[in-house]
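# Geometric and topological summary
So you can see what is in the structure, the chains are spelled out below.
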Amino acid sequence: MDKTYEKFLRSGMDLAAVGIECCRENTQYFCTPKGASVFGWAGTDGIHFCFIRGFGGMVFSVNPMNESQSYVHPLAKDFSDFLRLLLACGNEAALEQAWRWSREEFEAFLLKNPAAGEGEKTLKELAKAMKLTPMEQPWEYIRKLQSDFDYSRIKYTEDYYDIDLNPSAEIAFPEWKVYFDGNFWGHHGRAHAGKEIRIHKELDWAGYHWGIPSVYSCSKGLVIDFCMQADIERIRGFMEKWSLSSDNDFRENFTREQQLQIELDNPLCFHFTPRILLNGKELLTSHGCSVCYNPCLPERCMQDLETKWAMDHYGLDYDCGWVICRNAFPWAGRRRPVIKKLSVTMEQQSVQIPGPHFKIHEPGESFPFYNPVSKMSHTLTVESMEQEILSRDSFGSKRWIYPTNCMVMNYRISPEPENRITIFDCDEGDQPLEKKPEENAFYPAAKQAICIIGGAGGPAEIIMGDDSRSYLRTAYSALHFEPVREDVEWHMVFHTKQFEEESFSLLEEEFCVFSTETDSPEERFDADV
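Below is a short write-up of the structure.

About the cut-offs
- Residues numbered from 1 in each chain as written.
- Predicted model: local features only at pLDDT ≥ 70, side-chain atom pairs only at ≥ 80, totals over all residues.
- Heavy atoms only, no water.
- Buried < 20%, exposed > 50% of the residue type's maximum accessible area, 1.4 Å probe, protein only.
- Helix = DSSP H or I, 4+ residues; strand = E, 2+ residues; numbered from the N terminus.
- Pairing = 2+ DSSP bridges.
- Phe/Tyr/Trp six-rings, centres within 6.5 Å; stacked < 30°, edge-to-face > 60°.
- Expected span 1.5 Å × (residues − 1).

## A few points about the pairing of strand β4 (residues 59-62)
Of the two faces of β4, the one carrying V59 and S61 and the one carrying F60 and V62 are both buried. Sheet topology places strand β3 (residues 48-52) next to β4; three bridges connect them, and they run antiparallel. Residue pairing in the sheet places H48 in a bridge with V62 of β4. Here β4 runs beside strand β5 (residues 72-76); their pairing, made up of four bridges, is antiparallel. Its bridge partner lying in β5, V59 is registered against A76.

## Points about the packing of aromatic side chains
The relative placement of two aromatic rings is captured by the distance of their centres and the angle of their planes. In the structure shown here, the tally under the stated rule is 36 aromatic pairs. Relative to W41, the ring of Y29 has its centre 6.0 Å away and its plane inclined at 45 degrees; by these criteria the two rings are tilted. In this pair, Y29 sits in the loop between β1 (21-22) and β2 (36-41) while W41 sits in strand β2, placing the two residues twelve residues apart along the sequence. The partly exposed category is assigned to Y29, whose relative accessible area is 35%. The interplanar angle of 75 degrees and the centroid separation of 5.4 Å between the aromatic rings of F55 and F60 together place this pair among those described as edge-to-face.

## Some words on helix α5 (residues 117-130)
When the terminal C-alpha atoms of α5 are compared, their 20 Å separation across 14 residues agrees well with the 20 Å that a helix rising 1.5 Å per residue should span. Immediately downstream of α5, the backbone of K131 shows phi near 55 degrees, a positive value.

Here it is as structure tokens:
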């Protein structure tokens with residue numbers, strides 16, 4: 001321990017009047033260096049002063065509010081010089097901020113903030129007790145010490161590199177690896193990572209520009225990353241239209257009908273199904289995952305590290321929005337083939353277009369409507385309407401009592417639509433009740449709990465019959481504890497695909513890729529040849 005510091009401790013002096021509160025506990029921040037011994041706190045912004053193991057009696061300041069790479073600075077070669085600096089400057093603030101000030105700014109601060117009252121009294125007692133004189137030219141002393149210091153010698157704890165504790169931390173990504181049985185967040189099984197084959201393919205489809213930078217040859221199949229680029233102005237316009245922000249992007253803030261329209265409008269929401277043709281054999285995707293980057297979100301809501309990792313690996317532009325979809329395609333045979341020719345067919349998944357609302361009072365009534373997909377007029381005619389009570393055993397819950405009453409409507413549509421049409425109850429239904437309340441227990445939300453037949457969560461339609469001219473459809477209302485007395489307000493939804501599927505060549509025979517890897521026995525699998 002520094003001898004002057006030992007003498008100071010024995011003196012029992014208190015430096016609180018000059019901005020330094022003594023500390024008995026070695027409390028630390030994410031940026032407190034490894035091996036630090038904290039002896040004082042400024043009482044604001046987490047600023048503290050310490051010794052660091054391996055640097056002798058040198059005194060350091062730590063300020064968690066400083067810019068990245070500037071959290072820690074040396075202030076004095078030893079504790080004696082630290083006290084002399086205090087005597088010269090009158091308080092800790094000038095010492096801690098000296099690294100960012102010019103000489104003129106430093107001296108102006110001292111003139112504006114001279115020691116007075118208890119502070120002045122403390123400094124006089126300090127000089128007498130420790131037999132010290134004020135440091136001459138304190139700014140020059142501090143700046144020379146800092147300019148000569150090798151900051152790379154300071155080591156930090158794991159907290160310093162934790163992006164949650166320190167958003168400015170430099171991210172060190174592990175080696176990029178892609179697995180067949182995995183996703184952007186990890187993998188399972190003992191199979192090796194796939195071999196990356198760079199193809200640098202770009203294409204335009206469905207109003208988007210796409211990049212397919214690489215495919216990965218794995219023991220069980222081929223993995224492909226599809227990078228969909230979204231224009232930043234489209235994203236910004238979408239967010240402004242719906243008043244979306246990092247604090248207002250929750251589905252429960254919008255009705256189900258609004259949610260459908262939001263999904264239609266969202267430039268970062270486009271669902272598709274790819275299938276590939278490998279050496280003349282069609283391969284279908286078995287599973288997939290995706291990550292999304294929105295450039296319009298504030299930095300504090302920056303997307304997860306896996307998204308940044310993928311974008312950096314592929315060199316994607318941070319001024320655009322991106323959805324990176326990873327799809328896996330099992331091989332057609334037992335072993336991985338030589339990739340001679342590869343193409344992909346992109347098919348849009350069906351989207352839901354909100355339609356009209358209507359009420360039916362009794363069987364036999366009709367509701368005429370316009371189909372925006374087919375551009376045709378249709379008529380919905382109700383054949384029957386009746387109350388139905390579900391068995392309480394249908395839900396399989398011992399803790400919750402679910403509502404069981406609903407309205408069942410059988411109807412036909414003429415002429416028969418070419419596209420799919422579904423009908424929902426606009427009411428969300430009743431919330432389930434807990435048989436025996438438990439403290440701090442999870443309560444299911446009403447909007448999520450009633451998705452059994454036809455409430456908030458999905459299509460409430462069954463089609464029966466084999467006569468294509470006269471399908472009988474059945475719609476179920478939301479569930480209630482009491483019989484449904486009032487007319488149900490129904491909401492019609494149209495399903496369609498807005499874009500035709502399209503095929504694109506990814507690899508030609510002259511660029512065939514030979515597998516240089518041999519699958520280990522545990523990686524081999526059974527498949528149809």
